[in-house]
Amino acid sequence: MKAKKRQNESALVFSAQRGDKEAMQLLLIRNWPWLKGMVYSFINNADQVDDVLQDICVKLIRKIDTLREPERFRPWLAVLARREALRFRQKRAQRPNQLKPELAELKTDDKAQEIFENVEQQEQYKQISQAILSLPEKYQQVFMLEHSSDLTYGQIAEILDVPITTVQIRLVRARRMIYNKVINKDSKKVWGK
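Worth saying up front: this structure is predicted, and the values here are computed from it rather than measured. (Residues numbered from 1 in each chain as written. Predicted model: local features only at pLDDT ≥ 70, side-chain atom pairs only at ≥ 80, totals over all residues. Heavy atoms only, no water.)

## Digging into the packing of helix α2 (residues 21-43) against helix α4 (residues 73-94)
Running from amino to carboxyl end, α2 crosses α4 at an angle of 40°, the nearest separation of the two axes being 10 Å. For the element pair α2 / α4, the angle class is oblique. Crossing hand, α2 versus α4: right-handed. For the pair α2 and α4, the contacting residues are L27, R30, N31, W34, L35, M38, F42 and I43 in the first and F73, R74, L77, A78, A81, R82, A85, L86, F88, R89 and R92 in the second. (Axes fitted to C-alpha atoms, helices over the stretch in contact; angles between N-to-C directions. Helix = DSSP H or I, 4+ residues; strand = E, 2+ residues; numbered from the N terminus. Parallel < 35°, antiparallel > 145°, perpendicular 65-115°, else oblique. Left-handed = near helix turned anticlockwise from the far one by under 90°. Contact = heavy atoms within 4.5 Å.)

## Observations regarding the nonpolar core
Considering soluble globular proteins, one finds that nonpolar side chains tend to be buried as a cluster. In terms of nonpolar packing, the biggest core is built from 49 residues, with W34, I64, F73 and L77 touching the most fellow members. For this core, the elements supplying multiple residues, two or more each, are α1 (2-17), α2, α3 (46-63), α4, α7 (119-133), α8 (137-148), α9 (153-160) and α10 (164-191). With ten residues, the single largest contributor to this core is α2. I64 has contacts with V13, A16, Q17, M24, L27, F73 and W76, leaving out every residue within four places of it along the chain. (Core = buried A, V, L, I, M, F, W, Y, C linked by side-chain atoms within 4.5 Å. Buried < 20%, exposed > 50% of the residue type's maximum accessible area, 1.4 Å probe, protein only.)

## Describing the environment of N8
Mapped onto the secondary structure, N8 falls in helix α1. Placed 63 residues apart in sequence, N8 and E71 show a C-alpha to C-alpha distance of 9.3 Å.

## Describing α3
Spanning 18 residues, α3 covers 26 Å between terminal C-alpha atoms, matching the ideal 26 Å at 1.5 Å per step. Among the residues of α3, those classed as buried are V49, V52, L53, I56, C57 and L60. When α3 is viewed along its axis, its buried side chains cluster within an angular range of 155° and face the same direction. When the buried face of α3 is taken as reference, the exposed residues oriented beyond 90 degrees from it are D47, Q54, I61 and R62. As for α3, its buried residues are in contact with α2 and α4. (Expected span 1.5 Å × (residues − 1). Arc of directions from axis to C-beta.)

## Quick word on unusual backbone geometry
Backbone geometry places N44, a non-glycine residue, at a positive phi of 50°. Along the polypeptide, N44 turns up in the loop between α2 and α3. The phi dihedral of D161 falls on the positive side, at around 60°, and the residue is not glycine. Residue position: D161 is located in the loop between α9 and α10.

## Examining the packing of aromatic side chains
Applying the stated rule across the entire model yields one aromatic pair. Geometrically, the ring pair formed by F73 and W76 is tilted, given 6.1 Å between the ring centres and 35° between the ring planes. With F73 and W76 both in helix α4 and three residues apart, this pair spans about one turn of that helix. F73 gets classed as buried once you look at its relative accessible area, which sits at 0%. (Phe/Tyr/Trp six-rings, centres within 6.5 Å; stacked < 30°, edge-to-face > 60°.)

## Looking at the environment of R173
The residue R173 is located in helix α10 in this model. A relative accessible area of 41% places R173 in the partly exposed class. Separated by 30 residues in sequence, R173 and F143 place their C-alpha atoms 9.6 Å apart.

What follows is the structure, encoded as structure tokens:
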């Protein structure tokens, strides 16, 4: 079945290279969940993920005919996505941060307290997010791909162009690093360290 799916994806790539818009759309739909997770792992801003994905779509349309091995579409797309996300992250780092008008209003609004009722849960979410973002890139990528879509370990391995055992090891290590960072922060709060 896996060979049939890969063959089907290769056929879609061939069709897309010949200008078939439906094939291109189907390729994007099939790969969208893991692409979104991968981009988010690089830019850590849900509001801007769609902007980067749009840039990836444009690049894909322009460059799909340069892909020589259609059966390697996913790893090729992963490299393209990674480059675009890094390019976006670099551009964002060069721009000064601006506060959105809606957020500025929210900060001065008396009802802001109602919106942020569950501070403890948000703090834990923030700790987990920070722990994920502090992971080395190879662990962060595999973690985000595994948790942002329903890809199998085999599919993640194909996207990252690594063996399945490497995916499994990186996931275990990523989870352990996240757990240790979150637990250590909590224990420091409890013990006053």
